[in-house]
Amino acid sequence: MADTIFGRIERGEIPTEILYEDDRAIAFRDVNPVAPIHLLVIPRKPIETLSSAEPADESLLGHLLLVANRVAADARLENYRVVINNGAGSGQTVFHLHLHVIGDRPLNWPPG
Ligand code: AMP
């Protein structure tokens, strides 16, 4: 897959405050937040989209959700939304899988 800005963040090429990291995932703040707290969780593995994930990624995908819980707890969020945009038509702009963790404001349903 093509390199992305998240690949550059993952490799430390773009100075970014890393809120959480381990051997499989990192988390940092969204540069253009849509809520008072808007965090991103990405796998170190450059998976392009959720739909391109493979059965071998099953454990990694679960891990990303647990990291989302962890960074949400660190941010003292009790109520939050985890979003994955899949494909340009859904709003995906960076083609390196990422989970948005959004909170600290009322979240309407259904989302737009
Ligand atoms: P999506 O539209 O689902 O692909 O989400 C991509 C997100 O990445 C957007 O919310 C952007 O604001 C965010 N973003 C883009 N560049 C950066 C960056 N350098 N650091 C942090 N977040 C970024």
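Here the structure is a predicted model, which means the values were calculated and not measured. (Residues numbered from 1 in each chain as written. Predicted model: local features only at pLDDT ≥ 70, side-chain atom pairs only at ≥ 80, totals over all residues. Heavy atoms only, no water.)

The helix and strand inventory of the protein chain stands at 2 helices and 5 strands. Here the protein chain has a C-alpha radius of gyration of 13 Å; the compact-globule value for 112 residues is 13 Å, and the two agree. Residues counted as buried form 38% of the 112 residues belonging to the protein chain. Contacts spanning at least 24 positions in sequence make up 55% of the contacts within the protein chain whose residues lie at least 6 apart. When the accessible surface of the protein chain is summed, it comes to about 6700 Å², and 52% of that surface belongs to carbon and sulfur atoms. The distance from the centre of the 10 positive side-chain charges to the centre of the 15 negative ones in the protein chain is 4 Å. (Helix = DSSP H or I, 4+ residues; strand = E, 2+ residues; numbered from the N terminus. Rg over C-alpha atoms; globule rule 2.2 N^0.38 Å. Buried < 20%, exposed > 50% of the residue type's maximum accessible area, 1.4 Å probe, protein only. Contact = heavy atoms within 4.5 Å. Areas by Shrake-Rupley, 256 points an atom, 1.4 Å probe, with all protein chains shown as cover. Lys, Arg positive; Asp, Glu negative; His and termini not counted. Charge placed at Lys NZ, Arg CZ, Asp CG, Glu CD.)

This paragraph deals with the site of the ligand. Taken together, 16 residues sit near the ligand, with Asp30, Asn85, Gly91, Thr93 and His100 positioned nearest. Side-chain polar atom of Asp30 to an oxygen atom of the ligand: 2.5 Å apart, as the coordinates give it. One of the side-chain nitrogen or oxygen atoms of Asn85 is found 2.8 Å away from an oxygen atom of the ligand. About the coverage of the ligand: the protein hides 83% of its 500 Å² of free accessible area. (Near = heavy atom within 4 Å. Polar contact = N/O pair within 3.5 Å; in protein donor to acceptor, adjacent residues only side chain to side chain.)

Once that is clear, we can look at the sheet that holds strand S1 (residues 18–21). Spatially, the 5 strands line up as an open sheet ordered S1-S2-S3-S5-S4, and their pairing is antiparallel. A single partner strand is all that each edge strand has here, and the edge strands are S1 and strand S4 (80–83). Direction aside, neighbouring strands of the sheet carry axes that sit 20 degrees apart on average. Here 3 bridges tie S1 to strand S2 (residues 25–29), and the two strands are oriented antiparallel to one another. When the sheet's bridge partners are listed, Ile18 is paired in S2 with Phe28. Helix-sheet contacts for helix H2 (residues 58–74) involve S1, S2, strand S3 (37–43), S4 and strand S5 (99–103), and the interaxial angle to S3 is about 155 degrees. (Pairing = 2+ DSSP bridges. Axes fitted to C-alpha atoms, helices over the stretch in contact; angles between N-to-C directions.)

This paragraph deals with the nonpolar core. By size, the foremost hydrophobic cluster in this structure holds 17 residues, and its most contacted members are Val41, Leu64, Val67, Val71 and Val101. At the level of secondary structure, the elements contributing two or more residues to this core comprise S2, S3, H2 and S5. Looking at which element gives the most residues to this core, the answer is H2, with 6 residues. In this structure Val67 touches Tyr20, Asp22, Ala25 and Val41, once residues within four positions along its chain are discounted. (Core = buried A, V, L, I, M, F, W, Y, C linked by side-chain atoms within 4.5 Å.)

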